[in-house]
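# Close look at the chain arrangement
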Amino acid sequence: PGVSLEDIDEKCLDLTLDARAEPAPLNYRGFPRSVCTSVNEVVCHGIPDQYVLQDGDIINIDVTCRLNGYYGDTSYTFLCGEVDPDSKKLVSDCKEALYLGINEVKPTAFIGNIGYAIQTFAEKLGYGVVREYTGHGTGVEFHEYPSIPHIGQKNKGLEILENMIFTIEPMLNMGTHETCLDPFDTWTVRTKDLKRSAQFEHTLLVTKNGVEVLTDHDLLWHNK
Ligand code: MF3
Ligand code: CO
Ligand code: CO
């Protein structure tokens, strides 16, 4: 509480430049900042502004760096101060949904298994799973083929192969899965019913027998 979204953007830019990396969002298709900050009913792509975080907010910080020509993309939803129990549960369930998706990643399984695992878990708990924004391949471009939906069916979609690199980044909503794009800034995505939304994201490497998480969230705390 008391920190502005611009403060977070500035810190992210400083840390990225210290690491001799580039902040990938900056100027990406006209995005004006170095990081996405999505508070409460904002699903994703929130633009850091002068908003000051309040006790009880939840905030997703989505960081993408480019180093030596390669992208790494990760996000985490943080609890700001004392957060109500339903929001806390949304956030922890969303984190679990990401890991349930990650557990499906291994060679010769299908992309549909990832979305199936996330959707069945989330909908049983009454959440809406966002459909318009998905995980994605990443590597020498920010967003590469293929798209990784967070809803799906078992054994449908592309086959997962060794050495693929892609993200999984489920967005779970307390209410409807439907979203609205802000017509003024053309970036901010909100839930249609303005209920809260959480998101977690990792960049993954498919290994011979499974998966390696390339974006370890614990590393974020080393600079604290
Ligand atoms: N990091 C987001 C993702 O997970 C994309 C943000 S695009 C931006 O795919 F321009 F808003 F930064
Ligand atoms: Co991503
Ligand atoms: Co991201």
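Above this text you will find the structure in question.
Note that the structure is predicted; figures quoted are calculated from it, not measured. (Residues numbered from 1 in each chain as written. Chains lettered and ligands numbered in written order. Predicted model: local features only at pLDDT ≥ 70, side-chain atom pairs only at ≥ 80, totals over all residues. Heavy atoms only, no water.)

## Let's talk about the environment of Met174
Examined against the element boundaries, Met174 turns out to sit in the loop between strand 10 (171–173) and strand 11 (179–181). When the C-alpha atoms of Met174 and Asp86 are compared, they prove to be 8.6 Å apart, with 88 residues separating the residues in sequence. In contact with Met174, not counting residues within four places along its chain, are Asp86, Ser87, Leu90, Gly126, Tyr127, Lys195 and Arg196. (Helix = DSSP H or I, 4+ residues; strand = E, 2+ residues; numbered from the N terminus. Contact = heavy atoms within 4.5 Å.)

## Let's talk about the coordination of the cobalt ion (ligand 3)
Around a metal, the idealised angle for a tetrahedral arrangement of four donor atoms is 109.5 degrees; for an octahedral arrangement of six donor atoms it is 90 or 180 degrees. At the metal site, the cobalt ion (ligand 3) is ligated by Asp62 (OD), Asp62 (OD), Asp73 (OD) and Glu201 (OE), and these contacts range over 2.1 to 2.3 Å. Each of the six donor atoms bound to the cobalt ion (ligand 3) contributes to angles spanning 59 to 167°, and the resulting shape is irregular. Donor residues for the cobalt ion (ligand 3), ordered by position in the chain, follow D-x10-D-x127-E. Taken as a pair, the cobalt ion (ligand 3) and the cobalt ion (ligand 2) lie 3.3 Å from each other and share Asp73 as a ligand. Highlighted residues: Asp62 in strand 4 (residues 58–67) and Asp73 in strand 5 (residues 70–79), separated in sequence by 11 residues. Its relative accessible area of 2% is what places Asp73 among the buried residues. (Donors = N, O, S within 2.8 Å, 3.2 Å for Na, K, Ca; no water. Tetrahedral: all angles 85-135°; square planar, octahedral: opposite > 155°, others 65-115°. Buried < 20%, exposed > 50% of the residue type's maximum accessible area, 1.4 Å probe, protein only.)

## Quick look at the sheet that holds strand 3 (residues 42–44)
Strand order in the open sheet formed by three strands is 3-12-11, with antiparallel pairing between adjacent strands. Looking at which strands have only one partner, the edges of the open sheet turn out to be strand 3 and strand 11. For this sheet the average axis-to-axis angle between neighbouring strands, irrespective of direction, equals 40°. Pairing between strand 11 and strand 12 (residues 189–191): three bridges, direction antiparallel. (Pairing = 2+ DSSP bridges. Axes fitted to C-alpha atoms, helices over the stretch in contact; angles between N-to-C directions.)

## Here's the deal with helix 1 (residues 5–18)
Over its 14 residues, helix 1 runs 20 Å from end to end, which matches the ideal 20 Å to within 8%, given 1.5 Å per residue. Of all the positions in helix 1, only Leu5, Ile8, Asp9, Cys12 and Thr16 are classed as buried. One face of helix 1 carries all of its buried residues, which in axial projection span an arc of 100°. Against the buried residues of helix 1 lie strand 1 (22–23), strand 2 (36–39) and strand 4. Of the residues flanking the end of helix 1, it is Arg20, one or two places downstream, whose phi is positive at about 60°. (Expected span 1.5 Å × (residues − 1). Arc of directions from axis to C-beta.)

## Overview of the nonpolar core
Judged by nonpolar contacts, the single largest core of 27 residues is most densely connected at Val105, Ile114, Ile160, Phe166, Ile168 and Leu172. Broken down by secondary-structure element, the contributors of at least two residues to this core are helix 2 (85–102), helix 3 (111–124), strand 9 (165–168) and strand 14 (202–206). Here the element with the most residues in this core is helix 2; it accounts for six residues. Core analysis: the second largest hydrophobic core is formed by 10 residues, Ile8, Val35, Val39 and Leu53 among them. (Core = buried A, V, L, I, M, F, W, Y, C linked by side-chain atoms within 4.5 Å.)

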